[in-house]
Amino acid sequence: MSRDVARSLHATGAPGFARLAEPGVTYFELPTGHFPMLTTPAALTDALVRAAAGEGAGLYD
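Residues numbered from 1 in each chain as written. Predicted model: local features only at pLDDT ≥ 70, side-chain atom pairs only at ≥ 80, totals over all residues. Heavy atoms only, no water.

Draft legend 1. Spotlight on the overall build of the protein. Helix and strand content of the protein: three helices and zero strands. The order of α-helices and β-strands along the protein, N terminus first, is α-α-α. Principal-axis analysis of the C-alpha atoms places the extent of the protein at approximately 35 × 25 × 15 Å. Residues counted as buried form 18% of the 61 residues belonging to the protein. When contacts within the protein are restricted to residue pairs at least 6 apart in sequence, long-range pairs at least 24 apart make up 54% of them. About 4400 Å² of surface is accessible on the protein, with carbon and sulfur atoms providing 62% of the total. The protein carries 4 positive and 6 negative side-chain charges, and their two centres are separated by 3 Å. (Helix = DSSP H or I, 4+ residues; strand = E, 2+ residues; numbered from the N terminus. Buried < 20%, exposed > 50% of the residue type's maximum accessible area, 1.4 Å probe, protein only. Contact = heavy atoms within 4.5 Å. Areas by Shrake-Rupley, 256 points an atom, 1.4 Å probe, with all protein chains shown as cover. Lys, Arg positive; Asp, Glu negative; His and termini not counted. Charge placed at Lys NZ, Arg CZ, Asp CG, Glu CD.)

Have a look at this one:
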């Protein structure tokens, strides 16, 4: 899901979506569909390494 979609879900105020904006929850957007391991493996690898290093954007950054 894109950050735009995540923001829209969070904006509903539904308790199930509250965690989307918690501190420490970060996002990486990849230019791919449902199977990034097949379509963009290098970009996915980079995002996973960066996520493990604590990088990424918050929901409203």
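There's more to say after this.
Draft legend 2. Representation of a nonpolar patch on the surface within the structure. Residues F35, M37 and L38 make up a contiguous nonpolar surface patch of roughly 350 Å² in combined accessible area. Positionally, M37 belongs in helix α2 (residues 36-39). (Patch = residues over 30% accessible without salt bridge, like charges linked within 9 Å, V, L, I, M, F, W, Y side chains within 5 Å. Salt bridge = Lys/Arg side-chain N within 4 Å of Asp/Glu carboxyl O.)

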